[in-house]
Amino acid sequence: MTADANTFDSIGLASIGLSLPPLALPVEELAKLRGQDPKKYTLGLGCQEMSLCPADFGAVEMAVEAARRALGRWDGELDRIGMIVVGTESAIDMSRPLSAWVADELGLRGAVRSYEVKHACYGGTVALRQALEWKLSGAAGDKAALVIATDVALYALSDPGEPTQGAGAVAMIVDQPHIAAIDPISHPWSEPAFDFWRPVGESFPRVDGKFSLDCYKTAAENCFKAFVGDDNAERKLSELAAICFHVPFPKMVKKAFLHVGESFGWDFELANEIFSQKIDPNMGWNRQCGNAYTASLWMSVAEALAGLEGGQQIVAFSYGSGFGAELLTLTAGPEAAAGTWAADIESDLDSRTHIDAAGYEELRNVRLAASA
Ligand code: COA
């Protein structure tokens, strides 16, 4: 690729691969254990099932599988990958980047920049932006970037966040925009806050769940206002083929979007209609997977892109506690319509094993013993 080819239309997602772990727990089973009405989890939070990892399986294994799948569908060779960057909050070492474990498994070495990005659930988006900007700068030359968002979301037993747990990975090759072009102009928003954090040495996050919702709403309002600018908000958002959000749990997305609508002066009916048409349909995979932190938004984006006609636009709202957020615009490319990456989710969902309440307790005991 020449420097001239490094224009907006020439950079984006060339390939996508996804991976889920082999176990799942319906939230009704967790409700039995916690003495809760299952409707609190299904209707109150909008959750359905959570992906779970066996003791010997985690962020690295999912990242490797997602990357293999993305590479397998890509028209380039492994030696064209000049950057591997992993966004995660499931780091397994304070120094060695998770990307090194993944690169080792993939046989990726040599003239490759390899690193890990951390910013709670926003880390995958920062990784993607860095890859995009590396390509746009011309520094990448003819090389492509392999960006992976991978996480295992586990809370302390009986934590209010427990029904929102999940796990998954999304790998994206940033190169020619066969699947989607990414607009270099994006809309970030950050404010320092302690809404969700995990001190060094602690196994589980500390979460101020209600405050995290307030932070998420503030971020969404500011990002969407920046995106709309002086345009008519209803027209601008209605023109989009889809609006994707980071999905800590589906009800949080709905609450945040109703708040965005309120900030535009909309009534409930209008905000609810746009939510139902443009947002809710993109959370199907999230509902079956639970919160996969960095991977959650990109799972929703992957679902939304599958089947779009070239030229259709979507936006992606990324949020990470702490807090940092960013709204990105993507334009579907010629290979979006085929949506080949949907097969990854379909096969992982078909082959996973559903466990019950007793199986979940046993699994958590094994994991707790392993991390002690
Ligand atoms: N039937 C239907 N709905 C029910 C119900 C029942 N029997 N019982 C409760 N509910 C509803 C509640 O009314 C509430 O809905 P509302 O908020 O629309 O009023 C919802 O279920 C949750 O109940 P609540 O009592 O608020 O739950 P909680 O305090 O136990 O936990 C969170 C809620 C959000 C605090 C918790 O899930 C959490 O911390 N999640 C993680 C947040 C996160 O990931 N943040 C960081 C990333 S952005």
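Residues numbered from 1 in each chain as written. Predicted model: local features only at pLDDT ≥ 70, side-chain atom pairs only at ≥ 80, totals over all residues. Heavy atoms only, no water.

> Go over the overall build of the protein with me, naming the residues and quoting the values.
If you tally the helices and strands in the protein, you get 13 helices and 15 strands. Its C-alpha atoms give the protein a radius of gyration of 19 Å, near enough to 21 Å, the size a compact globule of 372 residues would have. The dimensions of the protein, computed from C-alpha atoms along their principal axes, are 60 × 55 × 40 Å. Looking at the protein as a whole, 56% of its 372 residues are labelled buried. Taking the intrachain contacts of the protein between residues at least 6 apart in sequence as the baseline, contacts between residues at least 24 apart amount to 77%. Approximately 14,800 Å² of the protein is accessible, and the part contributed by carbon and sulfur atoms is 50%. (Helix = DSSP H or I, 4+ residues; strand = E, 2+ residues; numbered from the N terminus. Rg over C-alpha atoms; globule rule 2.2 N^0.38 Å. Buried < 20%, exposed > 50% of the residue type's maximum accessible area, 1.4 Å probe, protein only. Contact = heavy atoms within 4.5 Å. Areas by Shrake-Rupley, 256 points an atom, 1.4 Å probe, with all protein chains shown as cover.)

> Kindly report on the pairing of strand 5 (residues 113–117), identifying the contributing residues and their values.
Note that strand 4 (residues 81–87) and strand 5 share five bridges and pair parallel. In the sheet register, Gly-87 faces strand 5, and the bridge partner there is Val-117. You can see the chain leave strand 4, run along helix 4 (residues 98–106) and come back into strand 5, and the turn it takes is right-handed. (Pairing = 2+ DSSP bridges. Right-handed = clockwise from strand over helix to strand, strands pointing away.)

> Which residues make up the sheet that holds strand 3 (residues 49–52), and what values go with them?
The strand order across the open sheet built from three strands is 3-2-15, with neighbouring strands paired in mixed fashion. Of all the strands in the sheet, the pair left with one neighbour each is strand 3 and strand 15 (353–354). Sheet topology note: the strand 2 (residues 23–26)/strand 3 ladder contains four bridges and is antiparallel. Bridged to Leu-23 within strand 3 is Leu-52.

> Tell me about the nonpolar core, and name the residues and values.
In this structure, Leu-146, Phe-224, Ile-243, Phe-245, Phe-257 and Phe-317 are the most contacted members of the largest nonpolar core, which totals 78 residues. A domain split of this core shows at least three residues from each of domain 1 (3–179 + 340–371) and domain 2 (187–332). Not counting chain neighbours up to four residues away, the residues in contact with Phe-224 comprise Leu-237, Ile-243, Phe-245, Val-260, Phe-264, Val-315, Phe-317 and Leu-327. Counting 49 residues, the second largest nonpolar core, distinct from the first, contains Met-83, Val-170, Ile-182 and Ala-304. (Core = buried A, V, L, I, M, F, W, Y, C linked by side-chain atoms within 4.5 Å. Domains from an automatic or database assignment.)

> I'd love a proper account of the domain arrangement of the protein, names of residues and values included.
You'll often see interface size given as the accessible area lost when the parts meet. Once the domains are mapped, the protein shows domain 1 (3–179 + 340–371) and domain 2 (187–332). A separation of 18 Å is found between the C-alpha centroids of domain 1 and domain 2. In this assembly, 52 residues from domain 1 lie in contact with 40 residues from domain 2. Where domain 1 abuts domain 2, roughly 3,600 Å² becomes buried across the two surfaces, and 64% of that area is made up of carbon and sulfur atoms. It is Cys-121, Tyr-122 and Tyr-155 in domain 1 that bury the most area against domain 2; as a group they hold 16% of the surface buried on that side. Where domain 1 packs against domain 2, one counts one salt bridge. Arg-129 serves as the salt-bridge partner of Glu-326, at 3.6 Å between the closest nitrogen and oxygen. Here domain 1 is connected to domain 2 by 16 residue pairs in polar contact (both at pLDDT 80 or more). At the level of secondary structure, the elements contributing two or more residues to the side of domain 1 that touches domain 2 comprise strand 1 (12–19), helix 2 (38–44), strand 3, helix 5 (123–137), strand 6 (144–153), strand 7 (166–175), helix 12 (342–351) and helix 13 (357–371). Looking at the side of domain 1 that touches domain 2 element by element, the count peaks at six residues for strand 7. Within the side of domain 1 that touches domain 2, the residues separate by chemical class into 29 nonpolar, 17 polar and six charged. (Buried area = accessible area lost by both parts, 1.4 Å probe. Salt bridge = Lys/Arg side-chain N within 4 Å of Asp/Glu carboxyl O. Polar contact = N/O pair within 3.5 Å; in protein donor to acceptor, adjacent residues only side chain to side chain. Nonpolar A, V, L, I, M, F, W, Y, C, P; charged D, E, K, R; others polar.)

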